[in-house]
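Residue-level structure breakdown
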Amino acid sequence: MAISYKDIRNERQWKAMTGLSQLEFTSLSSAFGIAYEQISGIALQQGAANLGKEVVLNSYADCLFFTLFELKTAQSFDCLGVLFNMDGSSAQRNFVKYLQVVEVALQQQGALPRRSFSGLSDFKKYVQGEEELIVDATELRTQRPAANQQQQQRYSGKKKHIR
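The paragraphs below set out a description of the structure included in this document. The model shown is predicted, which means the values in this text are computed figures rather than measured ones.

The rules behind the values
- Residues numbered from 1 in each chain as written.
- Predicted model: local features only at pLDDT ≥ 70, side-chain atom pairs only at ≥ 80, totals over all residues.
- Heavy atoms only, no water.
- Helix = DSSP H or I, 4+ residues; strand = E, 2+ residues; numbered from the N terminus.
- Contact = heavy atoms within 4.5 Å.
- Axes fitted to C-alpha atoms, helices over the stretch in contact; angles between N-to-C directions.
- Parallel < 35°, antiparallel > 145°, perpendicular 65-115°, else oblique.
- Nonpolar A, V, L, I, M, F, W, Y, C, P; charged D, E, K, R; others polar.
- Salt bridge = Lys/Arg side-chain N within 4 Å of Asp/Glu carboxyl O.
- Buried < 20%, exposed > 50% of the residue type's maximum accessible area, 1.4 Å probe, protein only.
- Core = buried A, V, L, I, M, F, W, Y, C linked by side-chain atoms within 4.5 Å.
- Phe/Tyr/Trp six-rings, centres within 6.5 Å; stacked < 30°, edge-to-face > 60°.
- Lys, Arg positive; Asp, Glu negative; His and termini not counted.

With that out of the way, let us pick up the environment of Ala61. Relative to the helices and strands, Ala61 resides in helix H4 (residues 60-73). The sequence separation of Ala61 and Arg9 amounts to 52 residues, and the corresponding C-alpha distance is 16 Å. Apart from the residues within four sequence positions on either side, Ala61 is in contact with Tyr5, Phe25 and Ser29.

What follows is the structure, encoded as structure tokens:
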């Protein structure tokens, strides 16, 4: 592997490369291994042996580092492939596969926020003890309707121009 978590020398680099401290990474790596075996039904090393060829990401820590590095740095899959000594399509396939494992591992550790609620009262109950609430939202563009009446219904009022 061209880039490795073994090359990280201090906590600042751990945070820059993975978003986690070394201790957090080690803890999540153990949970990642358990989640991987639950999802695939086979240990990573056994799966690699069944393939009969050498794999680049040959430990749970390697797979976790690969996934967290992509999430933290947002490389294109072609660049990620170069950094991890694989082709771009393999980088994309591995990322999708291991991202699912990370999600299951975090869920099993109780580290994921709840993502759906049955209603407003359920949401209020969930956040009632929190001092601060941060919402990550993006306004998406939509196709402008041709009919004037539909345009007026969809207008948000945000883009008022002074003439």
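Resuming the write-up.
Glancing now at the packing of helix H1 (residues 11-18) against H4. The relative placement of two packed helices comes down to the angle between their axes together with the axis-to-axis distance. Running from N to C, H1 and H4 cross one another at 75°; their axes reach a closest spacing of 6 Å. With respect to H4, the element H1 is oriented roughly perpendicular. Of H4, the residues touching H1 (which contributes Lys15, Ala16, Met17 and Thr18) are Phe65, Leu68, Phe69 and Lys72. Class assignment of the residues belonging to the contact of H1 with H4 gives a composition of five nonpolar, one polar and two charged.

Turning our attention to the packing of H1 against helix H2 (residues 22-40). Where H1 contacts H2, the two axes come as close as 9 Å, and the packing angle between them is 50°. Between H1 and H2, the angle is such that the two are oblique. For the pair H1 and H2, the contacting residues are Glu11, Trp14, Lys15 and Thr18 in the first and Gln22, Glu24 and Phe25 in the second.

Opposite charge on two side chains lets them pair, provided their charged atoms get close. Under the defined criterion, the tally for this structure stands at one salt bridge. The shortest N-O distance in the salt bridge between Asp122 and Arg114 comes to 2.4 Å. On the accessibility criterion, Arg114 (38% relative accessible area) is partly exposed.

Positive phi is not limited to glycine here, since Ala74 has a value of about 55°. Along the chain, the position of Ala74 falls in the loop between H4 and helix H5 (77-83). Phi is positive for Asn85, which is not a glycine, with a value near 60°. In this fold, Asn85 is placed in the loop between H5 and helix H6 (88-108).

Ranked by internal contacts, the top residues of the largest apolar core, which has 31 residues, are Phe25, Phe32, Phe65, Phe66, Phe84 and Tyr98. For this core, the secondary-structure elements that each account for two or more residues are H2, H4 and H6. It is H4 that provides the largest number of residues to this core, a total of eight residues. If sequence neighbours within four positions are ignored, Phe25 has contacts with Tyr5, Trp14, Thr18, Leu20, Ala61, Leu64, Phe65 and Leu68.

Here the focus is the packing of aromatic side chains. Inspection of the entire model under this criterion finds 14 aromatic pairs. Pairing Trp14 with Phe25 gives two aromatic rings, centres 4.9 Å apart and planes at 45°, and the pair type is tilted. Taken as a pair, Trp14 in helix H1 and Phe25 in helix H2 lie far apart in primary sequence, 11 residues in all. When its relative accessible area of 3% is taken as the criterion, Phe25 is described as buried. Among the aromatic residues, ring-to-ring pairing joins Tyr5, Trp14, Phe25, Phe65, Phe66, Phe69 and Phe84 into one connected group.

Assignment of secondary structure puts Glu70 in helix H4. Although Glu70 lies buried, it forms no salt bridge, and the closest oppositely charged side chain, Lys72, sits 13 Å away as judged by the N-O distance. Apart from the residues within four sequence positions on either side, Glu70 is in contact with Gln75, Phe77, Leu80 and Phe95.

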